[in-house]
Amino acid sequence: MGAARYDLPEPDAFTRPYWAAAAEGRLLIRRCAECGRAHHYPREFCPYCWSEEVGWEEASGRATLYTWSTVHRNDLPPFGERTPYTAAVVDLAEGPRMMTQVVACAEAELAAGMPLRVAFREGNPVFGPEGESRS
């Protein structure tokens, strides 16, 4: 049996649509039918008004960089093989904030507010500079 991996999601019945869409190159968020606000990470209720009238919606894939940190050391497999990498928080165009990774961009080029676009690596959403490939 291989070494434990800490980068793979463990989909359950509720999050399975999110991960299935990600595997197809689509980013889903949840939107509340009561107050109209979008949220991420996926929950079965609205974190703003507590309504259970929420549904899946495909996000545009556009975001802006809010903050980031370059990770130079991570002992959990397989992250150690990927260092350095940029862990980040982005503001999705639809409103929610999302933790992610910035790819295809040198650390010196990162700037708060820079436009980003979703891409997918092994079924996981990551973000790169606007104009980069979505796959």
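Here, the structure is the one placed above.
What you are looking at is a predicted structure, and each value in this text was computed from that prediction instead of being measured.

Caption draft 1: Region of the structure containing the sheet that holds strand E1 (residues 28-32). The sheet built from three strands is open, its strands ordered E2-E1-E3 with antiparallel pairing. Among the strands making up the open sheet, the edge pair consists of strand E2 (38-39) and strand E3 (54-58). As defined by bridge partners, E1 adjoins E2 across two bridges and the pair is classed as antiparallel. When the bridges of E2 are listed, Arg30 appears paired with His39.

Caption draft 2: Broad picture of the nonpolar core. Ranked by internal contacts, the top residues of the largest apolar core, which has 22 residues, are Leu27, Leu65, Val90, Leu92 and Phe127. For this core, the secondary-structure elements that each account for two or more residues are helix H1 (16-23), E1, strand E4 (62-71), strand E5 (85-92), strand E6 (97-102) and strand E7 (115-121). If we ignore the near neighbours within four places in the chain, the residues touching Leu65 are Ala88, Val89, Val90, Val102, Leu110, Ala111, Ala112, Gly113, Met114 and Leu116.

Caption draft 3: Region of interest: the pattern of salt bridges. For the structure on display, the rule yields eight salt bridges. With a shortest N-O distance of 3.6 Å, Glu58 and Arg26 are connected by a salt bridge. With a gap of 32 residues between them, Glu58 in strand E3 and Arg26 in the loop between H1 and E1 connect regions that are remote in the sequence. Residues participating in the shared-partner salt-bridge network are Arg5, Asp7, Arg82 and Glu122.

Caption draft 4: The arrangement of the pairing of E7 in detail. Where E4 and E7 come together, three bridges link them in antiparallel fashion. The residue of E7 that forms the bridge with Thr64 is Pro115. Of the pairings in the sheet, the one linking E7 to strand E8 (residues 124-129) comprises six bridges and is antiparallel in character. In the strand pairing of E8, Phe120 is matched with Pro125. Where E7 hands over to E8, the hairpin turn is made up of two residues, of which Glu122 adopts a positive phi near 50°.

Caption draft 5: Here's a closer look at H1. Among the residues of H1, those classed as buried are Tyr18, Ala21 and Ala22. Down the axis of H1, the buried set is contained in an arc of 100°. They therefore lie on one face. Phi for Gly25, located one or two positions after H1, is positive at around 85°.

Caption draft 6: The arrangement of a negative patch on the surface in detail. Side chains of Asp12, Glu34, Glu44, Glu52 and Glu53 sit close together on the surface and give a patch of like negative charge. You can see Glu53 is positioned in the loop between E2 and E3.

The rules we used
- Residues numbered from 1 in each chain as written.
- Predicted model: local features only at pLDDT ≥ 70, side-chain atom pairs only at ≥ 80, totals over all residues.
- Heavy atoms only, no water.
- Pairing = 2+ DSSP bridges.
- Helix = DSSP H or I, 4+ residues; strand = E, 2+ residues; numbered from the N terminus.
- Core = buried A, V, L, I, M, F, W, Y, C linked by side-chain atoms within 4.5 Å.
- Buried < 20%, exposed > 50% of the residue type's maximum accessible area, 1.4 Å probe, protein only.
- Contact = heavy atoms within 4.5 Å.
- Salt bridge = Lys/Arg side-chain N within 4 Å of Asp/Glu carboxyl O.
- Arc of directions from axis to C-beta.
- Patch = residues over 30% accessible without salt bridge, like charges linked within 9 Å, V, L, I, M, F, W, Y side chains within 5 Å.
- Areas by Shrake-Rupley, 256 points an atom, 1.4 Å probe, with all protein chains shown as cover.
- Lys, Arg positive; Asp, Glu negative; His and termini not counted.
- Charge placed at Lys NZ, Arg CZ, Asp CG, Glu CD.

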